[in-house]
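Coordinate inspection notes
Chain by chain, the residues run as shown.
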Amino acid sequence: MDLKFLVVDDSVTMRRIVINSLRNLGYAEFVEAQDGKDALEKLAADDSITFVITDWNMPIVSGLELIRAIKTDAKLCKLPVLMVTTRGIKEDIIEALNAKVNNYIVKPFTPHILKEKIDQILSNLS
Amino acid sequence: MKQATNLGELFAKLNDLKSLFHYGQKMIPIIQNLIDFMGETVPLLENINQSIAESTAKIPKATNQITNVTSANELATTEILDTVDAISSDIFNSEIVINNVIKTQEQKVELYNQLKEQLKGNDKAEGTLAQIISLDETVATVKPLLEIFDKIKTGAYNITLSLQVQDITAQQLAAVNHLIESVQSKLSSLLTEFSEADVKEVKVNKFEFSDSTKAAFNPDARYEDMKETQQMADELINKTNLTTASQDEIDKLFS
């Protein structure tokens, strides 16, 4: 399946690491956003994006707010969202689940986990 | 009779006055002590005030230094990532060249075999060809290089993954900065109340640690093996079957 990823993180380093990892997994199309607001603008401008990977703690619009915005938007609600964050306490995961995140990775991540979660999301969608 | 009553009242008042003077006499040393104490305390309070003012004035410099550390780390990380990407790109191009060499060599082997067939019966020529084949060790030489390249690629990728530490330490430093700024804000207000001293305030973020979900950093960010935490996240995600989880459902998972 050809996927076009939107990688959302305020850290340039993390965006590069995630994109490098996706490239190693064989994916080739990426769009970057530096926060939730930027991500929503990119999503509005590019309807070929098929997968969102987002951080949680970001300025302006957080990853959690981004997920809520995506999942309550009639046009975007089916877009799979994977959260990659340092937030690992139970309450945070519950909050992300309640916002309807599709899967959740705790940083620092490994390529194996990233692949596993993307595959899980795709298999749940099909 | 009335005069006697008036005198009685007068004496009573005089007695009260005497008691007051007597009490006042006892109070004088205490008041003196209090004045002495105040005399000693005021310079002390002024020192504290000055010390707070100096410390408060230094805080913006401290936060700037932390911000500079974060920026320097990010710059260095970007340089490392650039170098790693360049190495990976060189390895990728070298692999293409080596694979082409191997492909050409396989074609050569095919031609050698054809030539061998054509030279059958000519012992001298067959001998020479056998020598050429034995000298040609291109594939044996370059194939191990591909394994070395694989190791280099894995190493380079592992370096990339380890650089996640930059993002995590940046969040930790942002949390420290936030704390310092909060302390500075508090000290400034204390100082204003104390002596109306004018201390330059630094910008303080509006969010609190108690609601770090909206902050641009996670104060609890850690760079360590998160296997157990990831397992907990996986259990939550899997057992709730990707639907909205109630607190009861979640609690059952952990009971």
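Residues numbered from 1 in each chain as written. Chains lettered and ligands numbered in written order. Predicted model: local features only at pLDDT ≥ 70, side-chain atom pairs only at ≥ 80, totals over all residues. Heavy atoms only, no water.

1. Examining unusual backbone geometry
All names here are of chain A. Lys107 connects to Pro108 through a cis peptide bond whose omega is 0 degrees. When you line up the elements, Pro108 lands in the loop between β5 (103–106) and α5 (111–125). For Ile60, which is not glycine, the phi torsion reads 65 degrees and is therefore positive. For Ile60, the location among the structural elements is in the loop between β3 (51–54) and α3 (63–71). (Helix = DSSP H or I, 4+ residues; strand = E, 2+ residues; numbered from the N terminus.)

2. Brief notes about the interface of chain A and chain B
Contact residues are listed per partner, giving 43 residues for chain A and 44 residues for chain B. At the boundary of chain A and chain B, one finds four salt bridges. Where Asp167(B) meets Lys107(A), a salt bridge forms, and the shortest distance between an N and an O atom there is 2.8 Å. Where the side of chain A that touches chain B is concerned, the elements lending two or more residues are α1 (12–24), α4 (90–98), β5 and α5 of chain A. Looking at the side of chain A that touches chain B element by element, the count peaks at eight residues for α1(A). For the side of chain A that touches chain B, a count of residues per class yields 17 nonpolar, 14 polar and twelve charged. (Contact = heavy atoms within 4.5 Å. Salt bridge = Lys/Arg side-chain N within 4 Å of Asp/Glu carboxyl O. Nonpolar A, V, L, I, M, F, W, Y, C, P; charged D, E, K, R; others polar.)

3. Considering the environment of Thr50(A)
All names here are of chain A. Mapped onto the secondary structure, Thr50 falls in the loop between α2 (36–45) and β3. The partly exposed category is assigned to Thr50, whose relative accessible area is 29%. Between the C-alpha atoms of Thr50 and Val81, which are 31 residues apart in sequence, the distance is 9.4 Å. Setting aside residues no more than four positions away along its own chain, Thr50 makes contact with Asp2, Leu3, Lys4, Leu79 and Pro80. Among the polar contacts listed, one links the side chain of Thr50 to the backbone nitrogen of Lys4, at a separation of 2.7 Å. (Buried < 20%, exposed > 50% of the residue type's maximum accessible area, 1.4 Å probe, protein only. Polar contact = N/O pair within 3.5 Å; in protein donor to acceptor, adjacent residues only side chain to side chain.)

4. Looking at the pairing of strand β1 (residues 4–8) of chain A
Residue and element names in this part refer to chain A. The buried fraction of β1 amounts to five of the five residues, a majority that puts the element mostly inside the structure. Of the two faces of β1, the one lined by Lys4, Leu6 and Val8 and the one lined by Phe5 and Val7 are each fully buried. Inspection of the sheet shows β1 paired to strand β2 (residues 29–33) by five bridges, in the parallel sense. In the sheet register, Lys4 faces β2, and the bridge partner there is Glu29. Crossover handedness for the path β1 to α1 to β2: right-handed. Across four bridges, the pairing between β1 and β3 is parallel. Bridge assignment links Val7 to a residue of β3, and that residue is Ile53. (Pairing = 2+ DSSP bridges. Right-handed = clockwise from strand over helix to strand, strands pointing away.)

5. Remarks on the sheet that holds strand β4 (residues 81–85) of chain A
Residues and elements named next belong to chain A. The five strands lie next to each other as β2-β1-β3-β4-β5, forming an open sheet whose pairing is parallel. For this open sheet the edge positions go to β2 and β5, each flanked by a neighbour on one side alone. With direction set aside, neighbouring strand axes in the sheet form an average angle of 20 degrees. Where β4 lies against β5, four bridges are found, and the strand directions are parallel. Paired with Thr85 across the bridge in β5 is Val106. Taken strand by strand, α2 contacts β1, β2 and β3, and its axis lies near 135 degrees from that of β2. Lying over the sheet, α3 contacts β1, β3 and β4, oriented at roughly 175 degrees with respect to β4. (Axes fitted to C-alpha atoms, helices over the stretch in contact; angles between N-to-C directions.)

6. Thoughts on the side chain of Thr41(B)
All names here are of chain B. Inspection of the secondary structure puts Thr41 in helix α1 (residues 2–118). Classification of Thr41 as buried rests on a relative accessible area of 18%. A polar side-chain atom of Thr41 sits 2.6 Å from the main-chain carbonyl oxygen of Phe37.

7. Some points on the packing of aromatic side chains
Residues and elements named next belong to chain A. As enumerated under the stated definition, the model contains three aromatic pairs over all chains in all. Aromatic pair Phe5 and Phe51: ring centres 5.1 Å apart, planes at 45 degrees, arrangement tilted. With Phe5 in strand β1 and Phe51 in strand β3, this pair connects stretches of sequence that are 46 residues apart. Put simply, the rings of Phe5, Tyr27, Phe30 and Phe51 touch in pairs and so form one group of aromatic residues. In this structure, Arg87 packs its charged tip against the face of Trp56, placed 4.9 Å from the ring centre. (Phe/Tyr/Trp six-rings, centres within 6.5 Å; stacked < 30°, edge-to-face > 60°. Lys NZ or Arg CZ within 6 Å of the ring centre and 35° of its normal.)

8. A word on empty space enclosed by the protein
Residue and element names in this part refer to chain A. The final tally for this structure, using the stated rule, is one cavity of 30 Å³ or more. In terms of lining residues, the largest cavity is bounded by Val7, Val8, Asp9, Met14, Val18, Ile53, Thr54, Asp55 and Val84. Elements represented by at least two residues in the lining of the largest cavity include exactly β1, α1 and β3. Here the residues of the lining of the largest cavity sort into six nonpolar, one polar and two charged. (1 Å grid on protein atoms, 1.4 Å probe; cavity = no way out; pocket = protein on both sides within 12 Å on 5 of 7 lines; lining within 4 Å. Points joined across faces, edges and corners; volume = space filled by probe spheres on them.)

9. Some details on the pattern of salt bridges
Per the counting criterion, the structure on display carries 17 salt bridges over all chains. Two residues, Asp9(A) and Lys107(A), come together in a salt bridge whose shortest N-O distance is 3.3 Å. Of this pair, Asp9(A) sits in the loop between β1 and α1 while Lys107(A) sits in the loop between β5 and α5, and the two are 98 residues apart along the sequence. Across the pair, Lys107(A) and Asp9(A) agree in class, each one buried. Note that Glu32(A) is salt-bridged to Arg15(A), the shortest N-O span being 2.7 Å. Residue Glu32(A) is found in strand β2, and its partner Arg15(A) is found in helix α1; the two are separated by 17 residues along the sequence. Residue classification places Glu32(A) among the partly exposed positions, given a relative accessible area of 35%. For Arg15(A), a relative accessible area of 11% gives the class buried. Taken together, the salt bridges that share partners define one network made up of Asp9(A), Asp55(A), Lys107(A) and Asp167(B).

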